[in-house]
Amino acid sequence: MLRGIDVSSYQSSSYDTDGFSFVFIKATEGRTYTNPKLAAQTKTARDAGLVVGYYHFLWPGNLTAQAEHFVSKAPERAGEILAVDWETTGDGTHATNAEKDRFIRKLKELRPDNRVVLYCNRNFWLGIDKTSYAGDALWIADYVTAGKPRIKAKWLFHQYTDDPVDKNVADFASKAALRAWAENA
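Presented here is an overview of the structure given in this document. Keep in mind that what you see is a predicted model, and the values were worked out from it rather than measured.

### Observations regarding the overall build of the protein chain
Here is step 1 of the chain: From N to C terminus, the protein chain includes five helices and nine strands.
Here is step 2 of the chain: Against the globule reference of 16 Å for 185 residues, the protein chain gives a C-alpha radius of gyration of 15 Å, in line with a compact fold.
Here is step 3 of the chain: Reported as C-alpha extents along the three principal axes, the dimensions of the protein chain are approximately 40 × 35 × 30 Å.
Here is step 4 of the chain: Summarising the internal contacts of the protein chain: among those between residues at least 6 apart in sequence, 60% fall at separations of at least 24.
Here is step 5 of the chain: Total accessible area on the protein chain stands at roughly 8,300 Å², and carbon and sulfur atoms take up 47% of it.
Here is step 6 of the chain: For the protein chain, the centre of its 24 positive side-chain charges and the centre of its 23 negative side-chain charges are spaced 3 Å apart.

What follows is the structure in structure tokens.
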């Protein structure tokens, strides 16, 4: 298992990269929000030689506008990963299954050279998801032992804690294997 983290504007632009193979950086949310630390956090990851991914916090509605906003802000580089963060929004709503699926497909259309993954927690995966569509891979959040999420579906990334930061593992034998997977979209 490879170790990684995910960061947003709540974390420093020069976050600790020691011992990590990958990072997911929050790029956007909805149709207008962009992480003000995106460029600096990306530089930190690239300078450390990490495999880089970007995520968009999905809101219901305006899916094309959200996808276009995300790809306009997430740096475009082959071998970097795009992710959709599907969970409850600040106002207590969430995108529907159909919206989540359409958003993933729109990202794959807009960025065919990038892998697209779905991030959601165990409760969404088991109780809300009805299609099991995760694009190229599932990134599951379940705060248990690293690499042992309580689901039966195939996953590639597992967020296992948020203390003190969001920590993840990836089901790859090496960073080179993860990089090769990411580059072969």
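### Structural notes on helix α5 (residues 175–183)
Here is step 1 of the chain: Taken together, the buried positions of α5 are Leu178, Trp181 and Ala182. Projection of α5 onto a plane perpendicular to its axis shows the buried side chains occupying an angular sector of 95°, all on one side.

### Points about the pattern of salt bridges
Here is step 1 of the chain: Evaluation of the coordinates by the stated rule reveals 11 salt bridges.
Here is step 2 of the chain: For Arg150, the salt bridge is made with Asp142, and the minimal N-O distance between the two is 2.6 Å.
Here is step 3 of the chain: For Arg150, a relative accessible area of 46% puts it in the partly exposed group.
Here is step 4 of the chain: One salt bridge connects Asp171 with Lys154, and the closest N-O pair in it is separated by 3.1 Å.

### Observations regarding the pairing of strand β7 (residues 137–141)
Here is step 1 of the chain: Extensive coverage of β7 is indicated by the burial of five of its five residues.
Here is step 2 of the chain: Sheet analysis places strand β6 (residues 116–121) next to β7, joined by five bridges and oriented parallel. Its bridge partner lying in β7, Leu118 is registered against Leu138.
Here is step 3 of the chain: Note that the unit made of β6, helix α4 (residues 122–128) and β7 has a crossover that is right-handed.
Here is step 4 of the chain: Alignment of β7 against strand β8 (residues 157–161), held across three bridges, turns out to be parallel. Its bridge partner lying in β8, Trp139 is registered against Phe157.

Rules behind the numbers
- Residues numbered from 1 in each chain as written.
- Predicted model: local features only at pLDDT ≥ 70, side-chain atom pairs only at ≥ 80, totals over all residues.
- Heavy atoms only, no water.
- Helix = DSSP H or I, 4+ residues; strand = E, 2+ residues; numbered from the N terminus.
- Rg over C-alpha atoms; globule rule 2.2 N^0.38 Å.
- Contact = heavy atoms within 4.5 Å.
- Areas by Shrake-Rupley, 256 points an atom, 1.4 Å probe, with all protein chains shown as cover.
- Lys, Arg positive; Asp, Glu negative; His and termini not counted.
- Charge placed at Lys NZ, Arg CZ, Asp CG, Glu CD.
- Buried < 20%, exposed > 50% of the residue type's maximum accessible area, 1.4 Å probe, protein only.
- Arc of directions from axis to C-beta.
- Salt bridge = Lys/Arg side-chain N within 4 Å of Asp/Glu carboxyl O.
- Pairing = 2+ DSSP bridges.
- Right-handed = clockwise from strand over helix to strand, strands pointing away.

From the geometry alone we can't say anything about function, so treat these as descriptive.
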